[in-house]
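So the chains spell out like this:
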Amino acid sequence: EEFCKQVLQKFNIAKPYVLSVGKNEPRKNMQNLVKAFASLNSTTHELVIVGPQGWGNQVTSIGRVSDPELFALYQKAKAFVMPSLYEGFGFPLLEAMSLGCLTACSNSSSLLEIAGGASLLFDPLDENDITKTLDKIIFHKEDYTGLIQKGIERAKEFQWNKTASKIISVVGAWSSRPN
């Protein structure tokens, strides 16, 4: 808990915040997330983006951070949002879920499958849909305890020893097929 406080102080994060992790590149879709957050005109919350870029008002961009700092940011965030148009896998989503952070992500690419019903979903190309999701997270007092717990359980399904044994069994079954 003390370390989490130190991390928030280090990055001058004083308000409740929504966290996102990613570079400012088209497939990460951060521009739509920033626009959607700005349209909320929130004075009570901020958007914190971990990654190499600068954004402007209501957005705190903190560049690269260490893994322990990132994990502290996940734990203290109101929610983690991943607006990507395309992801090969989406490790930040799993990290956030495994650390008990409410998550919201694109309803496309691998993120939909990774989320597995344990995340709020939105259309990443629809700024209004992103805004509605952020509004729901920030301003509505819904109880997301069940969704957060589902995220923790979902993340456990992606432990590497389980993943490796599934891959081995699939490859074994495939290689033993008759031609």
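Let me sum up the structure you'll find in this document. All values derive from a computational prediction rather than experimental measurement.

For strand 1 (residues 17–21), a buried count of 5 out of 5 residues is recorded, marking the element as mostly surrounded by other parts of the structure. Taking the sense of rotation as the criterion, the β-α-β connection linking strand 1, helix 2 (residues 30–40) and strand 2 (residues 46–50) turns out right-handed. Relative to strand 4 (residues 79–82), strand 1 runs parallel, the two being bridged by 2 bridges. The residue bridging Val-18 from the neighbouring strand is Ala-79, located in strand 4.

This part covers a nonpolar patch on the surface. A cluster of nonpolar side chains, contributed by Leu-85, Tyr-86 and Leu-125, occupies part of the molecular surface with about 330 Å² of accessible area. Assignment of secondary structure puts Leu-125 in the loop between strand 6 (120–122) and helix 6 (127–139). Looking at Leu-125, the relative accessible area reads 65%, which means it is exposed.

Moving on, we come to helix 3 (residues 67–76). Taken as a whole, helix 3 has its buried residues at Glu-69, Leu-70, Ala-72, Leu-73 and Tyr-74. Those residues of helix 3 hidden inside the fold are in contact with helix 1 (2–10), strand 1, strand 2, strand 4 and helix 4 (91–98).

What follows concerns the side chain of Ser-20. Structurally, Ser-20 is set in strand 1. Assessed through its relative accessible area of 0%, Ser-20 is described here as buried.

Moving on, we get to the layout of surface pockets. Approximately 320 Å³ is the volume attributed to the largest pocket. If you go around the largest pocket, you meet 17 residues; those closest to its centre are Val-21, Gly-22, Val-50, Arg-64 and Leu-70. Every element with two or more residues in the lining of the largest pocket is listed here: helix 3 and helix 4.

This part is about the pattern of salt bridges. In this structure the tally under the stated criterion is 6 salt bridges. For Lys-10, the salt bridge goes to Glu-69, with nearest N and O atoms at 2.6 Å. Of this pair, Lys-10 sits in helix 1 while Glu-69 sits in helix 3, and the two are 59 residues apart along the sequence. According to the relative accessible area criterion, Lys-10 is exposed, its value standing at 52%. Note that Arg-154 and Glu-157 form a salt bridge whose closest N and O atoms lie 2.7 Å from each other. The exposure class assigned to Arg-154 is buried, which follows from its relative accessible area of 15%. Exposure remark for Glu-157: the relative accessible area of 38% places this residue in the partly exposed category. Among the charged side chains, a network of salt bridges with common partners joins Arg-27, Lys-28 and Glu-87.

So, how was this worked out
Numbers given to residues run from 1 along each chain, matching the order in which its sequence is written. Per-residue local features are limited, in this predicted model, to residues with pLDDT of at least 70; the limit for side-chain atom pairs, both in listing and counting, is 80 or more; totals at the level of whole chains, interfaces and linings are taken over all residues. Side-chain calculation: all heavy atoms of the structure are included, whereas hydrogens and water are not. Three labels apply to residues, based on accessible area from a 1.4 Å probe with only protein chains included: buried if under 20% of the type maximum, exposed if over 50%, partly exposed otherwise in between. Secondary structure elements follow DSSP: runs of H or I no shorter than four residues count as helices, runs of E no shorter than two count as strands, and numbering proceeds from the N terminus. Crossover handedness is defined by viewing with both strands directed away from the observer: a clockwise path from the first strand over the helix to the second marks the crossover as right-handed. For two strands to be treated as a pair, DSSP must find at least two bridges joining them. Patches here: salt-bridge-free residues with over 30% relative accessible area, like charges joined within 9 Å, nonpolar side chains (Val, Leu, Ile, Met, Phe, Trp, Tyr) joined within 5 Å. With residues, only the protein chains shown are counted as cover, and all accessible areas are computed by Shrake-Rupley using a 1.4 Å probe. Salt bridge, as used here: a side-chain nitrogen of Lys or Arg that lies within 4 Å of a carboxyl oxygen of Asp or Glu. Pairs of residues are marked as contacts when any of their non-hydrogen atoms sit within 4.5 Å. Two kinds of site are reported from a 1 Å grid over the protein atoms alone, namely cavities, where a 1.4 Å probe fits but cannot get out, and pockets, open sets with protein on both sides within 12 Å along at least five of seven lines, and residues are called lining when an atom falls within 4 Å of a point. Grid points are joined across faces, edges and corners, and a volume is the space filled by probe spheres set on the points.

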